[in-house]
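Chain and residue survey
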Amino acid sequence: MKITTDSIKYYFKIKELLTCDFDVNWTPEWIYCEMTSVPIEGHSWTLLVRNGSENFKLIYRSSKPSQQNEMNNLGVFNFDTIKINEKVVHISHNDISEIEHLLESNLTVNKTNRIILDGNDNELTDFENQNNYSWKLDEEISSNLKELVQTIKRIN
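This section reports on the structure supplied with the text.

This part covers the sheet that holds strand β2 (residues 41-49). Taken in spatial order, the six strands line up as β4-β3-β2-β1-β5-β6 in an open sheet, and their pairing is antiparallel. Across the chains shown, the open sheet's two edge strands, defined by having one partner strand only, are β4 (85-89) and β6 (131-135). Taken over all neighbouring pairs, the strand axes of this sheet differ in orientation by 15° on average, direction set aside. Sheet analysis places strand β3 (residues 56-63) next to β4, joined by five bridges and oriented antiparallel. Across the sheet, the residue bridging to Ile-59 is Val-88, located in β4.

With that settled, consider the pairing of β3. A large share of β3 lies buried, amounting to seven of its eight residues. Direction of pairing for β2 relative to β3: antiparallel, over a ladder of eight bridges. When the bridges of β3 are listed, Val-49 appears paired with Phe-56.

Evaluation of the coordinates by the stated rule reveals four aromatic pairs. A ring pair is formed by Tyr-32 and Trp-45, whose centres lie 5.7 Å apart and whose planes are at 25°; its orientation type is stacked. Here the residue Tyr-32 occupies a position in strand β1 (residues 27-36), and Trp-45 occupies one in strand β2, the gap between them amounting to 13 residues. No difference in accessibility class separates Tyr-32 from Trp-45, as the two residues are buried. With centroids separated by 5.1 Å and ring planes inclined at 50°, the aromatic side chains of Trp-45 and Tyr-60 adopt a geometry described as tilted. Of this pair, Trp-45 sits in strand β2 while Tyr-60 sits in strand β3, and the two are 15 residues apart along the sequence. The residues Trp-45 and Tyr-60 share a single accessibility class, namely buried.

Cut-offs used in this document
- Residues numbered from 1 in each chain as written.
- Predicted model: local features only at pLDDT ≥ 70, side-chain atom pairs only at ≥ 80, totals over all residues.
- Heavy atoms only, no water.
- Pairing = 2+ DSSP bridges.
- Helix = DSSP H or I, 4+ residues; strand = E, 2+ residues; numbered from the N terminus.
- Axes fitted to C-alpha atoms, helices over the stretch in contact; angles between N-to-C directions.
- Buried < 20%, exposed > 50% of the residue type's maximum accessible area, 1.4 Å probe, protein only.
- Phe/Tyr/Trp six-rings, centres within 6.5 Å; stacked < 30°, edge-to-face > 60°.

This is the structure in structure tokens:
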């Protein structure tokens, strides 16, 4: 697939659909999102809370290339055909405690002096602590952040 202005708009539209528009009665506590650029696909995990930390749910969303991919390869991007799958995933109180503990730990991203043309874009937004982390390579992140991501992905 050739990267064009339209493909970039398509990428950001998929990312928006993965990370926005949750039930207004719930508040996002944190969102972890992974996006690939070629082919464009993504996954997100969002912890939502309501009325304190005892009432929560984890939403997993995914977008995978489908028959639309052939059209994308020709440079045709149709926002109307983007399909986002969503499911509520069971998350235990122990997993939430472990994630909250890791969110409070030393999470760092140390950018490398490399140019990465493809691969994953990773982003973790912690709304409670008002922190945002983004990286492309696992070697850029601290061991605590790596453990946090592994814990979140294991739950699915």
